[in-house]
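Descriptive analysis of the structure
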Amino acid sequence: MAVKQTGQLSLAEAFLGTKLVGGTSPLDRLSGLVKWYRFEKLLNPLRDGGPGRAAWPPLVLFKALLLQSLYGLSDRELEEALGDRLSFRRFVGLGLEESIPDHTVLSRFRNLLVGEGLLDKLFGELDRQLEKAGVILKRGTMLDATLINAVSSPPTLERPSKDPDARITARQGKGGFTFGYKAHVGVDEGSGLIRTVITTPANVNDTVMADDLIRGDEKTVWADAAYDTHARRARLKAEGKKVRIARRPNKHHPQLPPRLKHYNRLIARRRATVETTFATLKNRMGLTAIRYVGLAKATAQVTMAAIAFNMRRWAAITG
């Protein structure tokens, strides 16, 4: 299959260099950190140019989807931004005079990523690069989860929802309900990097996914009371980990003693930094709604956001 040739400098670009394209940007710094050829090896089997067209290099399309996650763009907004923003072109590897992938190409490529199950491998590749760079501290893992609205409306008595995988759940402590999905994360204490991410329907209890979020190489596990079980605390202690999971009352002890209330306040203070992760994902990166229908595509959107978040965080740590 023919492959589009990209990244060819025009005469103007070659002559003027960074003076023409605006100098360095945060995206330029990010480009210099990541070993992109390792991602390219994973992506190379995915070539889809559409009928009668040369295929776009998968790495170009992957970088475009990273930009989409970093800036909270729709497929059409991403297409427009690739045409208008010089820093975006430079990041994905397109020259000023080259054509850009349209929104249908970007959508097909995302479907290919989902269909081939590559996103977990891509997330794992970045995790290996972060670990080799020494930015993952492994002092502890902070567990938490956040609700994300579905793009479809919830079901009613008259009609089902267009998203069969999304579910309704109450928003704890905030009132009201969310129809959609839940992103469960394990965040590296100190660096703030996401080490594990799992997407489920919104009604899956936080504690169900907890053990899958723990990597095994951390020294401490931090979590709020939603994750508190006798079995979990006992197992983590047996593995030699410090257990910093907030305690919760039960039917035999409906009120926590002052000692445990103080303990919970200390834990809440330390693990509050995980809220910064969610604030960045939602407020700065636009992960406020799942743009696509179904759990598989919801998982893809959240995982791509986690990859983009970690790259952004890496650049911030080393910048």
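Data block above holds the structure.
One structure accompanies this document, and this report is about it. (Residues numbered from 1 in each chain as written. Predicted model: local features only at pLDDT ≥ 70, side-chain atom pairs only at ≥ 80, totals over all residues. Heavy atoms only, no water.)

**Structural notes on the overall build of the protein**
Scanning the protein from terminus to terminus reveals 14 helices and seven strands. Per element, the accessible surface of the protein, about 16100 Å² overall, is 53% carbon and sulfur. (Helix = DSSP H or I, 4+ residues; strand = E, 2+ residues; numbered from the N terminus. Areas by Shrake-Rupley, 256 points an atom, 1.4 Å probe, with all protein chains shown as cover.)

**Here we look at helix α6 (residues 75-84)**
Residues of α6 that are buried include every one of Asp 75, Leu 78, Ala 81 and Leu 82, and no others. Viewed along the axis of α6, the buried residues span an arc of 120°, placing them on a single side of the element. Residues of α6 that are exposed and point more than 90 degrees away from the buried face comprise Arg 76, Glu 80 and Asp 84. Buried residues belonging to α6 abut α5 (58-71), α7 (86-92) and α8 (103-116). (Buried < 20%, exposed > 50% of the residue type's maximum accessible area, 1.4 Å probe, protein only. Arc of directions from axis to C-beta. Contact = heavy atoms within 4.5 Å.)

**A short note on the pairing of strand β5 (residues 220-223)**
Residues of β5 alternate between two faces, with Thr 220 and Trp 222 on one and Val 221 and Ala 223 on the opposite face, all of them buried. Strand direction decides the pairing type here: strand β1 (residues 140-150) and β5, joined by three bridges, are parallel. Bridged to Thr 141 within β5 is Val 221. Here β5 pairs with strand β6 (residues 242-245) via four bridges, running parallel. The partner of Thr 220 across the bridge, within β6, is Lys 242. For the segment spanning β5, helix α11 (residues 230-238) and β6, crossover handedness is right-handed. (Pairing = 2+ DSSP bridges. Right-handed = clockwise from strand over helix to strand, strands pointing away.)

**Notes on the packing of aromatic side chains**
Given two aromatic rings, one states the distance between the centres and the angle between the planes to describe the pair. What the rule picks out here adds up to four aromatic pairs. Seen in terms of ring centroids, Trp 36 and Phe 91 are 5.7 Å apart; in terms of plane orientation they differ by 85°. Their pairing is edge-to-face. Of this pair, Trp 36 sits in helix α4 (residues 36-43) while Phe 91 sits in helix α7, and the two are 55 residues apart along the sequence. With a relative accessible area of 9%, Trp 36 lands in the buried category. Residue Phe 91 is classed as buried on the basis of its relative accessible area, which comes to 1%. Relative to Phe 62, the ring of Phe 39 lies with its centre 5.5 Å away and its plane at 25°, an arrangement referred to as stacked. Taken together, the residues span a long stretch of sequence, with Phe 39 in helix α4 and Phe 62 in helix α5 at a distance of 23 residues. Using a relative accessible area of 0% as the deciding quantity, one classes Phe 62 as buried. (Phe/Tyr/Trp six-rings, centres within 6.5 Å; stacked < 30°, edge-to-face > 60°.)

**As for the pattern of salt bridges**
Side-chain pairing between opposite charges can occur once the charged atoms of the two side chains come close. Applying the stated rule across the entire model yields 16 salt bridges. Put simply, Lys 138 and Asp 217 hold a salt bridge, and the shortest N to O gap is 3.6 Å. You can see Lys 138 sitting in the loop between α9 (119-132) and β1 and its partner Asp 217 sitting in the loop between α10 (210-213) and β5, a full 79 residues away along the chain. Note that Asp 206 is salt-bridged to Lys 182, the shortest N-O span being 2.8 Å. Note that Asp 206 is positioned in the loop between β4 (194-201) and α10 and Lys 182 in strand β3 (residues 177-188), a separation of 24 residues in sequence. In this structure Lys 182 comes out as buried when scored by relative accessible area, which is 10%. (Salt bridge = Lys/Arg side-chain N within 4 Å of Asp/Glu carboxyl O.)

**Comments concerning the packing of α4 against α5**
With their axes 9 Å apart at the nearest point, α4 and α5 run at an angle of 110° to one another. Of the possible angle classes, the one that applies to α4 and α5 is roughly perpendicular. Relative to α5, the crossing made by α4 is right-handed. Judged by residue contacts, Trp 36, Phe 39, Glu 40 and Leu 43 of α4 engage Pro 58, Leu 59, Phe 62, Lys 63 and Leu 66 from α5. Grouping the constituent residues of the contact of α4 with α5 by class yields seven nonpolar, no polar and two charged. (Axes fitted to C-alpha atoms, helices over the stretch in contact; angles between N-to-C directions. Parallel < 35°, antiparallel > 145°, perpendicular 65-115°, else oblique. Left-handed = near helix turned anticlockwise from the far one by under 90°. Nonpolar A, V, L, I, M, F, W, Y, C, P; charged D, E, K, R; others polar.)

**A few points about the environment of Gly 176**
Along the chain, Gly 176 falls in the loop between β2 (167-170) and β3. Among all residues touching Gly 176, those that are not within four sequence positions of it are Thr 169, Ala 170 and Arg 171.

**Focus: a positive patch on the surface**
The grouping of Lys 35, Arg 38, Lys 41 and Lys 132 at the surface amounts to a positive patch. Position of Lys 35 relative to the elements: it lies in the loop between α3 (26-33) and α4. (Patch = residues over 30% accessible without salt bridge, like charges linked within 9 Å, V, L, I, M, F, W, Y side chains within 5 Å. Lys, Arg positive; Asp, Glu negative; His and termini not counted. Charge placed at Lys NZ, Arg CZ, Asp CG, Glu CD.)

**Re the nonpolar core**
Ranked by internal contacts, the top residues of the largest apolar core, which has 68 residues, are Phe 39 and Phe 62. Not counting residues within four places of it along the chain, the set of residues in contact with Phe 39 comprises Val 34, Leu 59, Phe 62, Leu 122, Glu 125, Leu 126, Gln 129 and Met 311. Counting 14 residues, the second largest nonpolar core, distinct from the first, contains Ile 198, Leu 213, Ile 214 and Tyr 227. (Core = buried A, V, L, I, M, F, W, Y, C linked by side-chain atoms within 4.5 Å.)

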